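# Examining the three-dimensional arrangement
The lines below spell out each chain.
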2 protein chains.
Amino acid sequence: MIHIVVVSHADLSEALIRAAEMITGPIEGLHAVTLEPGESPESFGARLDAVLQPIADEETLILIDLFGGTPYNVSVRQVLKDNVECVTGANLPMLLELIMTRDEASLSELAAEITELGQASVKNLGPLLNR
Amino acid sequence: MIHIVVVSHADLSEALIRAAEMITGPIEGLHAVTLEPGESPESFGARLDAVLQPIADEETLILIDLFGGTPYNVSVRQVLKDNVECVTGANLPMLLELIMTRDEASLSELAAEITELGQASVKNLGPLLNR
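What comes next concerns the included structure. (Residues numbered from 1 in each chain as written. Chains lettered and ligands numbered in written order. Predicted model: local features only at pLDDT ≥ 70, side-chain atom pairs only at ≥ 80, totals over all residues. Heavy atoms only, no water.)

### What to know about the sheet that holds strand β3 (residues 60-64) of chain A
Think of a sheet as strands paired side by side through backbone hydrogen bonds, with each pair either parallel or antiparallel. Residues and elements named next belong to chain A. Put simply, the rule is: Strands are treated as partners if at least two bridges between them are detected by DSSP. The way it works is that DSSP assigns letters per residue, a run of H or I at least four long becomes a helix, a run of E at least two long becomes a strand, and they are numbered from the N terminus. Fitted lines through C-alpha atoms give the axes, limited to the stretch in contact for helices. The angle between two N-to-C directions lies from 0 to 180 degrees.
With respect to topology, four strands assemble into an open sheet ordered β2-β1-β3-β4, the strand pairing being parallel. Taken across any chain shown, the strands that pair with only one partner, and hence form the sheet edges, are β2 (30-35) and β4 (84-88). The sheet shows a mean angle of 20° between the axes of neighbouring strands, taken without regard to direction. The sheet contact formed by strand β1 (residues 3-9) and β2 spans six bridges and is parallel.

Here you go:
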């Protein structure tokens, strides 16, 4: 099973998981790390390590809220590992797709697929609905 | 001022605002409507109306968590109004961009811009960093 770690400012990562599980029911292998207001990168990094260490031998996809900022800066170095991929711009469609397809593709394929799906999930409804 | 209404499953909409305000500080004209577990579309719709009614004469951008599902189904009819735009796939970069640029463009331009920015904010870091 590929683990999914969502990292974010405030409790956005936890709320993404709550929203996804409201649709899918409880899911194994989902983890959230939240940057608290005023928290240092070192403290956030220690809490990310505490999540990653027990699953260090397994494949992990880190979903990051935002390109830039502490959650990104601390997480991005993980992408140097062979068994970790990182994707930014976390939204609910990406997390749902990850949950539903993580056993059907390799880790690098999964990262590419949810990137494409995440981009396609952003739709401007006015023009789309020919208003 | 263009109002921003974030609608979502669970408290994802509130958490997006908490994460954005952790970066920007408190912001006026941000609203969240959350679909609670087991809540009916009618109940959600009534709560969305309660947010939209007092700002009915102003311009509003509705940021929707996901294309499909109750928050989408209930919100999308608002796009028929001239002074409302709807964009799906809500993520933190989109909300930050909305907050920072909402006074610099027309409502329809803003919807187009954050759609483009939202799509570009989803990045697969492995290939991007030439790992």
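### Things to note about the sheet that holds strand β3 (residues 60-64) of chain B
All names here are of chain B. Definition in use: Contact criterion: two residues are considered in contact whenever any of their non-hydrogen atoms come within 4.5 Å of each other.
On the basis of which strands lie adjacent, the open sheet formed by four strands has the order β2-β1-β3-β4 and parallel pairing. Two strands bound the open sheet, and with one partner strand each, they are β2 (30-35) and β4 (84-88). If you compare each strand with its neighbour and ignore which way they point, the axes differ by 20° on average. Running over the sheet, helix α2 (residues 41-52) touches β1 (3-9), β2 and β3 and is turned about 170° from β2.

### Some details on the environment of V33 of chain A
Residue and element names in this part refer to chain A. Rules: For every residue, the accessible area obtained with a 1.4 Å probe (protein chains only) is divided by the maximum for its type, and the residue is called buried under 20%, exposed over 50%, and partly exposed between those limits.
Mapped onto the elements of the fold, V33 is located in strand β2. Judged by its relative accessible area of 2%, V33 is buried. C-alpha of V33 to C-alpha of D11: the two residues are 22 residues apart in sequence and 8.1 Å apart in space. With sequence-adjacent residues up to four places away left out, V33 is seen in contact with V5, V6, V7, S8, S13, F44, R47, L48 and V51.

### Observations concerning helix α5 (residues 107-120) of chain B
Residue and element names in this part refer to chain B. Which entries qualify depends on this criterion: To estimate the expected span of a helix, subtract one from its residue number and multiply by 1.5 Å. It is the directions from the helix axis to the C-beta atoms that the arc portrays.
The end-to-end C-alpha distance of α5 is 20 Å, a good match for the 20 Å that 14 residues give at a rise of 1.5 Å each. Those residues of α5 that sit buried are L107, L110, A111, I114, T115 and G118. Seen end-on, α5 carries its buried residues on one side only, within an arc spanning 135°.

### Regarding the side chain of E85 of chain A
Along the chain, the position of E85 of chain A falls in strand β4. Ignoring anything within four residues of it in the chain, the contact list for E85 of chain A reads T60, L61, I62, V79, L107, S108 and A111 of chain A together with N124, G126 and R131 of chain B.

### Examining the interface of chain B and chain A
How we decide: Summed over both partners, buried area is the accessible surface (1.4 Å probe) that two parts give up on being assembled. By definition here, a salt bridge exists when the distance from a side-chain nitrogen of Lys or Arg to a carboxyl oxygen of Asp or Glu is within 4 Å. Residues adjacent in sequence count toward polar contacts only when both atoms are side-chain atoms; beyond that, a polar contact is any pair of N or O atoms within 3.5 Å, and within protein one must be able to donate a hydrogen and the other to accept it. All residues other than Ala, Val, Leu, Ile, Met, Phe, Trp, Tyr, Cys, Pro, Asp, Glu, Lys and Arg, Gly among them, are scored as polar; the first ten of these are nonpolar and the last four charged.
With 49 residues of chain B at the contact, the number on the chain A side is 49 residues. Interface area lost by chain B to chain A is led by M22, V122 and R131 of chain B, which between them contribute 19%. A salt bridge links D11 of chain B to R18 of chain A; the nearest nitrogen and oxygen atoms lie 2.9 Å apart. On inspection of chain B and its partner chain A, the count reaches twelve residue pairs in polar contact (both at pLDDT 80 or more). Looking at the side of chain B that touches chain A, the elements with two or more residues in it are α1 (12-24), β4, α4 (92-101), α5 and α6 (125-128) of chain B. In terms of residue class, the side of chain B that touches chain A is made up of 31 nonpolar, ten polar and eight charged.

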